[in-house]
Structures are given as structure tokens and as C-alpha cells.
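The residues making up each chain are set out below.
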Amino acid sequence: MKLLQAKLSKYTAPQEAKAAGIYPYFRAISSEQDPEVVINGKKVLMFGSNCYSGLVNDPRIKEAAIEDTR
């Protein structure tokens, strides 16, 4: 385990990317999960989720999920 911890402590790429302002992971989304989302005030296409169909926020789907869990 110590060998793994030693190797991980030397891996600094994520911290370096964050410091450079280019960290591409876990960007805050300020809109609903849809095929298009708002990140940093810009509307962009969302390819990194399973909401490609746009059904995540469909009221019929939400109501069916609520009914199925009762």
C-alpha cells in the first residue's frame, strides 16, 4: 500500500490543470440536465451524461417514476 501511496503523491496532473484554469472535469452545470446545458453562462451540448434523449426532465417520466415507487 505504501508503494501505491508514494506513486499517487507524485501524480500532480489534476492540480496542475486546475492551477492553469483548464481542469476539464466536474464543471458546474447551472441548468437542468438536458441535451443542452449551461456551463459558465454558455449553452453547450451535453455529451457527458445519459440525458441524450432529453427525457430526464420530462414531467411524464418523473410522474411515472413517482408512481412506480409508491
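Small disclaimer: the values here were computed from a predicted structure and weren't measured.

**Student:** How would you sum up unusual backbone geometry? Please name residues and give values.
**Tutor:** Its identity is not glycine, yet N40 carries a phi of approximately 55 degrees, on the positive side. For N40, the position within the fold is in the loop between β1 (36-39) and β2 (42-45).

**Student:** Account for the pairing of β1, with residues named and values stated.
**Tutor:** Burial along β1 is one-sided: V37 and I39 are buried, while E36 and V38, pointing the other way, are not. Of the strand pairs in this sheet, β1 and β2 are connected by four bridges, and their pairing is antiparallel. Across the sheet, residue I39 finds its bridge partner in β2, namely K42.

**Student:** If you had to explain the environment of R60 to someone new, which residues and values would you point to?
**Tutor:** Looking at the element boundaries, R60 is found in helix α3 (residues 59-68). When its relative accessible area of 62% is taken as the criterion, R60 is described as exposed. Here the alpha-carbon distance between R60 and Q5, two residues 55 residues apart in the chain, equals 48 Å. Only 2.6 Å separates the side chain of R60 from the side chain of D58, close enough to count as a polar contact.

**Student:** I'd like a description of the pattern of salt bridges, backed by residues and values.
**Tutor:** Applying the stated criterion across every chain yields a total of three salt bridges. Among the ionic pairs, E36 bridges to K43, the shortest N-O distance being 3.5 Å. Judged by its relative accessible area of 62%, K43 falls in the exposed class. The salt bridge partner of E67 is R70, with a shortest N-O separation of 3.0 Å.

Conventions and cut-offs
Residues numbered from 1 in each chain as written. Predicted model: local features only at pLDDT ≥ 70, side-chain atom pairs only at ≥ 80, totals over all residues. Heavy atoms only, no water. Helix = DSSP H or I, 4+ residues; strand = E, 2+ residues; numbered from the N terminus. Buried < 20%, exposed > 50% of the residue type's maximum accessible area, 1.4 Å probe, protein only. Pairing = 2+ DSSP bridges. Polar contact = N/O pair within 3.5 Å; in protein donor to acceptor, adjacent residues only side chain to side chain. Salt bridge = Lys/Arg side-chain N within 4 Å of Asp/Glu carboxyl O.

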